[in-house]
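Working through the structure, step by step
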Amino acid sequence: MLVSELLTLLNKLAPQGLASSWDNVGLQVGNPSRQAGKVLLTLDVTPSVADYAVKQHFGTIISHHPLIFRPLQSVTRQDILTLAENRIAVIAMHTNLDVVPDGVNYALAEALGLIVTGTLSDETGSKWYHGSVTAPPLYLEKLAEAIHSAGAGRIGLYDKCSTRHDISGTFRALEGSNPFLGNQGKYEKVDEVELEFMVDSFNLPAVKQAIKQTHPYETPAVWFAEVQNANPTYGLGLVGTLEKAMKLETFAKKVKTKLKAPFVQLWTAGKDKSHPVRTVAVCGGAGGSLIHKAAAVADVFVTGDITYHAMLESSVPLINAGHFHTEFPVLTKLKSLLKKQDIACAIYPAESHEVGNNLLI
Ligand SMILES: [Zn+2]
Ligand SMILES: [Zn+2]
């Protein structure tokens, strides 16, 4: 498999257009037309990850956190040079992997045994559009198929979603036109169908192209409008329920065990440690900005990177399990998804990871 083919596959799993505007995702080092080879999965590309990839003959590294984040003036960093000189490609799947089903938060929820009920925040780097196009009834299915293939109509666990209604359209073909229906210069009234659908901003160019290529009209009547709500397929953080309610302290211990974290911090928010918890909000990595959202819907919030004051101010009990340990489960998920596609891959071992358990003394 070529690096470019691997990128296409990964883009289906976590479209780059879902990444936040400040982020840097996608191919960061490497030639897209080379073989991807064996794939190493990691949360970070540190110099020791780069050395490991060279020694173990990996062809590509997929990292959650970007190797290159701030713009570079020159390429002198030893980690980047080692990778480039050894023809190892680096692909970052960061905030796009945070917000997709099968991403960071689903992996975390799964590791904690949650039954997912929805996203915690509908924040993503993309926008949602309502689209409408009119066509002669006979051409509708072909057009709908092209639009759906280009990515429109995906809502939650459903795809090919659309609305159709019979309409009557009017037009007059002006001089120089080549009308598909009717005659030039004549005011025409025709039976048509209006096809309505939703589309994510990252699929908008492909959908516009599909309409252009499939529609029989010289000038199709088509419009797109950004909507206020977000596609429920994507979002940051998740909410889920435990099969059975359990004591806050028992759940905190369960989080520690399930995530193989060396420790977790429990903030009870003034509640008793035996307070029952059933609804759980999770956000892998740094979830501090979602505390208020979690407080509105959950009995407890599991995340990482919570500051002392954020913890003190939180009205919802918090389990701070660390950035690394709340994100690590996604690597196992990525590995099984790649294995299904017959891609040879391995996870950079947690115990070799600098910011995994190694820093604890
Ligand atoms: Zn992170
Ligand atoms: Zn993340």
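1. Notes on the sheet that holds strand E3 (residues 60-63)
- The strand order E1-E4-E3-E2-E15 describes an open sheet built from 5 strands, whose pairing is mixed. Only two strands of the sheet have a single partner each, and these edge strands are strand E1 (26-29) and strand E15 (345-347). Ignoring which end each strand starts from, the neighbouring axes of this sheet average 25 degrees apart.
- Two elements, E3 and strand E4 (residues 89-92), share 4 bridges in a ladder whose sense is parallel. Counted as the bridge partner of Ile-62 is Ile-91 from E4.

2. Comments concerning the packing of helix H2 (residues 47-55) against helix H3 (residues 78-85)
- Here H2 crosses H3 at 15 degrees, and the two axes come no closer than 9 Å. The angle between H2 and H3 places the two elements in the roughly parallel class. You can see that H2 and H3 cross each other, and the crossing is left-handed. In this structure, H2 uses Pro-47, Ala-50, Asp-51 and Val-54 to contact H3, whose residues at the interface are Asp-79, Thr-82 and Leu-83.
- Of the residues that constitute the contact of H2 with H3, the class distribution is 4 nonpolar, 1 polar and 2 charged.

3. Topic: the coordination of the zinc ion (ligand 1)
- Looking at the metal site, the zinc ion (ligand 1) is ligated by His-65 (NE2), His-323 (NE2), Glu-327 (OE) and Glu-327 (OE), spaced 2.1 to 2.4 Å from it.
- Coordination at the zinc ion (ligand 1) is irregular, judged from the 4 donor atoms that bind it and the angles of 53 to 125 degrees they form at the metal.
- A separation of 3.3 Å is found between the zinc ion (ligand 1) and the zinc ion (ligand 2), which share Glu-327 as a coordinating residue. In this pair, His-65 is assigned in the loop between E3 and H3 and His-323 in helix H11 (residues 323-327), connecting sequence segments 258 residues apart.
- Judged by its relative accessible area of 15%, His-65 is buried.
- Residue class for His-323 comes out partly exposed when judged on its relative accessible area of 24%.

4. Brief notes about the side chain of Asn-96
- Position of Asn-96 relative to the elements: it lies in helix H4 (residues 95-98).
- Since its relative accessible area comes to 1%, Asn-96 is described here as buried.
- Within the structure, the side chain of Asn-96 is placed 3.0 Å from the backbone oxygen of Ala-14, a separation counted as a polar contact.
- Within the structure, Asn-96 has its side chain in polar contact with the backbone nitrogen of His-94 (distance 2.8 Å).

5. Section: empty space enclosed by the protein
- Scanning the entire structure with this criterion turns up 1 cavity of 30 Å³ or more.
- Of the volumes computed, that of the largest cavity is approximately 50 Å³.
- Elements with a contribution of two residues or more to the lining of the largest cavity: helix H1 (3-13) and E4.
- Here the lining of the largest cavity takes 3 residues from H1, the largest share from any one element.

6. A word on the coordination of the zinc ion (ligand 2)
- For the zinc ion (ligand 2), the full set of protein donor atoms is His-64 (NE2), Asp-98 (OD) and Glu-327 (OE), at a range of 2.1 to 2.4 Å.
- Between consecutive donor residues of the zinc ion (ligand 2), the sequence gaps follow H-x33-D-x228-E.
- Given a relative accessible area of 9%, Asp-98 falls into the buried group.
- Assessed through its relative accessible area of 2%, Glu-327 is described here as buried.

7. What about the domain arrangement of the protein chain?
- Segmenting the protein chain into domains produces domain 1 (3-98 + 329-352), domain 2 (104-123 + 234-326) and domain 3 (128-226).
- On a C-alpha basis, the centres of domain 2 and domain 3 stand 44 Å from each other.

8. Section: the nonpolar core
- In terms of nonpolar packing, the biggest core is built from 45 residues, with Leu-6, Leu-41, Ile-62, Met-93, Phe-301 and Leu-338 touching the most fellow members.
- Counting residues per element, this core draws most heavily on H1, which supplies 5 residues.
- Viewed by domain, this core spans two of them, domain 1 (3-98 + 329-352) and domain 2 (104-123 + 234-326), each represented by three or more residues.
- Discounting chain neighbours no more than four positions away, the residues touching Phe-301 are Leu-120, Ala-281, Val-282, Cys-283, Gly-287, Leu-290, Ile-291, Ala-294, Val-316, Pro-317, Leu-318 and Ile-319.

9. Here we look at the sheet that holds strand E6 (residues 128-135)
- With antiparallel pairing, 4 strands are arranged side by side in an open sheet as E7-E8-E6-E9. With partners counted over all chains shown, the strands left at the sheet margins are strand E7 (163-172) and strand E9 (222-226), one partner each. The mean inter-strand angle of the sheet, taken between neighbouring strand axes irrespective of direction, is 30 degrees.
- As defined by bridge partners, E7 adjoins strand E8 (residues 187-200) across 10 bridges and the pair is classed as antiparallel. Bridge pairing in E8 links Phe-171 to Glu-188.

10. Here's the deal with the packing of aromatic side chains
- Evaluation of the coordinates by the stated rule reveals 8 aromatic pairs.
- Ring plane angle 85 degrees and centroid distance 5.0 Å describe the contact between Tyr-52 and Tyr-348, whose orientation is recorded as edge-to-face. Here Tyr-52 is found in helix H2, whereas its partner Tyr-348 is found in the segment after E15, with 296 residues between them in sequence.
- A relative accessible area of 25% means that Tyr-52 is categorised as partly exposed.
- Seen in terms of ring centroids, Phe-180 and Tyr-217 are 6.1 Å apart; in terms of plane orientation they differ by 50 degrees. Their pairing is tilted. Within this pair, whereas Phe-180 is found in the loop between E7 and E8, its partner Tyr-217 is found in the loop between helix H7 (204-214) and E9, the two being separated by 37 residues in sequence.
- Ring pairs connect the aromatic residues Tyr-52, Phe-58 and Tyr-348, which therefore count as one cluster.
- A cation sits over an aromatic face here: Lys-38 above Phe-58, 4.4 Å from the ring centre.

About the cut-offs
- The residue numbers shown here count from 1 along each chain, following its written sequence.
- Chains and ligands are labelled by the order in which they are written, letters from A for the one and numbers from 1 for the other.
- Since the coordinates come from a predicted model, pLDDT governs what is reported: local features require at least 70, and pairs of side-chain atoms require 80 or more to be given and counted, while whole-chain, interface and lining totals use all residues.
- Hydrogens and water are ignored here; the side-chain numbers use all heavy atoms of the structure.
- A strand pair is defined by DSSP finding two or more bridges across the two strands.
- Secondary structure is summarised from DSSP: a helix means a run of H or I of at least four residues, a strand means a run of E of at least two, and numbering begins at the N terminus for each.
- To get an axis, fit a line to the C-alpha atoms, keeping to the stretch in contact for a helix; angles then go from 0 to 180 degrees between the N-to-C directions.
- Orientation labels follow simple angle bins: below 35 degrees gives roughly parallel, above 145 gives roughly antiparallel, 65 to 115 gives roughly perpendicular, and whatever is left gives oblique.
- The sense of a crossing depends on the near helix, which, turned anticlockwise from the far helix by less than a right angle, makes the crossing left-handed and, turned clockwise, makes it right-handed.
- The contact definition used throughout considers only heavy atoms, calling two residues in contact when any of these lie within 4.5 Å.
- Ten residue types, Ala, Val, Leu, Ile, Met, Phe, Trp, Tyr, Cys and Pro, are classed as nonpolar, four, Asp, Glu, Lys and Arg, as charged, and the remainder, Gly among them, as polar.
- Any N, O or S atom lying within 2.8 Å of the metal counts as a donor, and for Na, K and Ca the limit rises to 3.2 Å; water is left out, so some sites can look incomplete.
- Four donors are marked tetrahedral only if all angles between them lie between 85 and 135 degrees, whereas four are marked square planar and six octahedral if opposite donors are more than 155 degrees apart and the other angles lie between 65 and 115; the remainder are marked irregular.
- Summary of the burial criterion: residues with accessible area below 20% of their type's maximum are buried, those above 50% are exposed, and those between are partly exposed, where the area comes from a 1.4 Å probe applied to protein chains only.
- Identification of polar contacts relies on pairs of N or O atoms within 3.5 Å, with a donor-acceptor requirement for protein atoms, meaning one able to donate a hydrogen and the other able to accept it, and with residues adjacent in sequence counted only if both atoms are side-chain atoms.
- Both site types are read off a 1 Å grid over the protein atoms alone. A 1.4 Å probe that fits but cannot get out defines a cavity, while an open set with protein on both sides within 12 Å along at least five of seven lines defines a pocket; lining residues have an atom within 4 Å of a point.
- Grid points are joined across faces, edges and corners, and a volume is the space filled by probe spheres set on the points.
- Boundaries between domains were set according to an automatic or database domain assignment.
- Each nonpolar core is a collection of buried residues, namely Ala, Val, Leu, Ile, Met, Phe, Trp, Tyr and Cys, held together in the definition by side-chain atoms within 4.5 Å.
- Ring geometry is summarised as follows: Phe, Tyr and Trp rings, the Trp one being its six-membered ring, pair when their centres sit within 6.5 Å, and such pairs are stacked at plane angles under 30 degrees, edge-to-face over 60 and tilted between the two.
- Counting as a charge over the ring demands two things of the Lys NZ or Arg CZ atom: a distance within 6 Å of the ring centre and an angle within 35 degrees of the ring normal.

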